Amino acid sequence: MVATDEELVARSMAGDAESFNQLVLRWERPIYALAYRVIGRDEDARDVAQETFLRAFRALPGFKGQAKFSSWLYRIALNLCRDWIRRKKRTPVVEMPEDVDFIEMAADQGPVESIEDLVARNEMSRIVAEGMKLLPDEQRTAIVLKEYHGLTFQEIADLQGCPLSTVKTRLYQGLSVLRKHLESQGMTSFASGRTS
Amino acid sequence: MSLMFTCDDKATLVAYLYNEIDAPDRQRVDDHLRQCAACAAEVGALANVRTGLTQWAPPNAELGFTIVRSGGSQQAAGAPPAAVLRPAQWWNTVPVWAQAVAAILVLAVSAAIANVQVKSGPDGLVVSTGWMTPASASPAAAVVPDAGSEQWRTALIALESQLREEIRASRETGVVRAASRSEVDDVTVNRVRALLEASETRQQRELALRVTQLARDMDIQRRADLLRVEQAIGHTGVEMLKQRQTLNYMIRASTTTPPQ
């Protein structure tokens, strides 16, 4: 049976570092993805993810469990992202992964997705990344937390330290900017729409 | 929320878009969207943006962070010891077949540097290493089987006599000679040992250099190949996108043009 986050946290607090390593294994990719989408640099996102877990491990005795462990990690990671942006004094630069191997990607995707589809998806990814770069920090973070991490409005409000209505406004404004950007790039429709 | 949904209520529109809305409010928005084309179009466009967002994926980075205790046993209970996180060791990410190829390459390079030679002879298999040339006695030894002459036999007898003389003389002054021979042996052994160590160090250094160079060459070649493929496919992809846009435009134009 797979241990829950809470169980692993309890064992970690009792001194079992291996349990914490299981938490790291479980959450390293989401935390890295969050950092990458917020600050937009692969190497720096790795550093932020690493520092997030290091700080979490050191601060573990102070974790009282009022929030979910994942929310606590997200908070640490977002603070580090904010520090990174402030320290670097620059807007996040979204870089596309280097050495994109379409043939390898197509093999990973199986027979369903052709190379043509992969190229189109890569192009779309690039355009979305450019659009995200246009957004203010708060709007981009709200969209990332909502779209890619499935947090509720209330969870985002708690993480960003703002009212619920502000989160909705940030989401609306961010999506509207992205809409204009995508339309300006000729991207007006996709395979399927969604409303949830 | 008021009883009627209004077009400027963007907060409720976002709640509707993400389906974080209660049933009565959802019903009100649905009713409004049936009557308001502008809001319906906006909801459709924003949903479309959300679909586009799913295409943005971060790089498939190798992470593998691990907590490593540093001097954990003497840490006070309750306080986590100082720890570092290190990424996964790179060879864990290398496929098994590549590790096997690398191991074979290393062995081959090592054998080449060490000059391993296996010879079959009357004494069985002989394995030798190193670049030292055989002693100059070898050619002479090779000549021996061919020299069956009387002159050669006389020389051998003379040599035997000389050896016997020397052995006898050594017995008379055995202690002194043994001591001096021991000192010479120690010096020789030390010298040989130093030479061996220097040789091993040099060989290891050369091996490391060659392996590093090989890995670098392979990496450069791989990057160049990937770049070529990406450029070729990227160019094709751009062309395809342009063609698709042109096709879409032509379809739109053909459907909107009134019949003559």
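Residues numbered from 1 in each chain as written. Chains lettered and ligands numbered in written order. Predicted model: local features only at pLDDT ≥ 70, side-chain atom pairs only at ≥ 80, totals over all residues.

Some thoughts on the overall build of chain B
The number of helices and strands found in chain B is 7 helices and 4 strands. Here chain B, with 260 residues, has 10% of them falling under the buried criterion. (Helix = DSSP H or I, 4+ residues; strand = E, 2+ residues; numbered from the N terminus. Buried ≥ 20, exposed ≤ 12 C-beta atoms within 10 Å, placed from the backbone.)

Quick look at the overall build of chain A
If you tally the helices and strands in chain A, you get 9 helices and 0 strands. Ordered by position in the sequence, the α and β elements of chain A form the string α-α-α-α-α-α-α-α-α. Expressed as a percentage of the 196 residues in chain A, the buried residues total 36%. Relative to all contacts within chain A whose residues are 6 or more apart in sequence, the contacts with residues 24 or more apart total 62%. (Contact = placed C-beta atoms within 7 Å.)

What to know about unusual backbone geometry
Comment: phi is negative for the bulk of residues other than glycine, and the bulk of peptide bonds are trans. Within the chain, Asn19(B) stands out as a residue other than glycine whose phi angle is a positive 60°. Locating Asn19(B) in the fold gives a position in the loop between helix H1 (10–17) and helix H2 (23–35).

Here's the deal with the interface of chain A and chain B
Across the contact, 59 residues belong to chain A and 45 residues belong to chain B. Contributions of two or more residues to the side of chain A that touches chain B are made by helix H2 (17–39), helix H3 (42–58), helix H5 (102–109), helix H6 (115–134), helix H7 (137–149) and helix H9 (164–184) of chain A.

Remarks on the packing of helix H1 (residues 5–13) of chain A against H2(A)
Residue and element names in this part refer to chain A. Put simply, H1 and H2 touch, their axes get as near as 7 Å, and they point 145° apart. Along this stretch, H1 crosses H2, giving a crossing that reads as left-handed. Within the contact between the two elements, H1 uses Asp5, Leu8, Arg11 and Ser12 and H2 uses Ser19, Phe20, Gln22 and Leu23. (Axes fitted to C-alpha atoms, helices over the stretch in contact; angles between N-to-C directions. Left-handed = near helix turned anticlockwise from the far one by under 90°.)

Quick word on helix H4 (residues 69–88) of chain A
Residue and element names in this part refer to chain A. In this model, H4 (20 residues) spans 28 Å end to end at C-alpha, consistent with the 28 Å of a helix rising 1.5 Å per residue. Those residues of H4 not exposed but buried are Phe69, Leu73, Tyr74, Ala77, Leu78, Leu80, Cys81 and Trp84. The arc that holds the buried residues of H4, viewed along the axis, is 165°, so those residues lie on one side. Within H4, the exposed residues directed more than 90 degrees away from the buried face are Asp83 and Arg86. (Expected span 1.5 Å × (residues − 1). Arc of directions from axis to C-beta.)

A short note on the environment of Asp5(A)
All names here are of chain A. Along the chain, Asp5 falls in helix H1. Distance in space between the C-alpha atoms of Asp5 and Phe20 is 9.4 Å, their sequence separation being 15 residues. The contact partners of Asp5, leaving out residues within four places of it in the chain, are Leu23, Phe69 and Ser70.

Here's the deal with helix H8 (residues 153–160) of chain A
All names here are of chain A. Those residues of H8 that fall on the buried side of the exposure criterion are Phe153, Ile156 and Leu159. Angular distribution of buried residues about the axis of H8 spans 125°; they occupy a single face of the element. Phi for Gly161, located one or two positions after H8, is positive at around 65°.

Structural notes on the confidence of the model for chain A
On average, chain A scores 85 in pLDDT, and the residues at 70 or more come to 83%. Segment residues 191–196 of chain A is flagged for pLDDT under 50; beyond a separation of four residues in sequence, or across chains, it makes 15 contacts in the model. (pLDDT = per-residue confidence, 0-100.)

Brief notes about the nonpolar core
Ranked by internal contacts, the top residues of the largest apolar core, which has 63 residues, are Ile31(A), Ala35(A), Val48(A), Ala77(A) and Cys81(A). Broken down by element, this core gets its largest block of residues, 11 residues, from H2(A). (Core = buried A, V, L, I, M, F, W, Y, C linked by C-beta atoms within 7 Å.)

A word on the packing of H8(A) against H9(A)
Residues and elements named next belong to chain A. Interhelical geometry of H8 versus H9 gives an angle of 100° and a closest axis separation of 8 Å. With respect to H9, the axis of H8 lies roughly perpendicular. From H8, Phe153, Gln154, Ile156, Ala157 and Gln160 reach across to H9, where they touch Leu164, Val167 and Lys168. Its residues assigned to classes, the contact of H8 with H9 comprises 5 nonpolar, 2 polar and 1 charged. (Parallel < 35°, antiparallel > 145°, perpendicular 65-115°, else oblique. Nonpolar A, V, L, I, M, F, W, Y, C, P; charged D, E, K, R; others polar.)

Description of the environment of Glu130(A)
Residue and element names in this part refer to chain A. Looking at the secondary structure, you find Glu130 in helix H6. On the basis of neighbour count, Glu130 is assigned to the partly exposed category, with 15 C-beta atoms found within 10 Å. Once the C-alpha coordinates of Glu130 and Leu178 are considered, the two residues, 48 residues apart in sequence, prove to be 9.3 Å apart.

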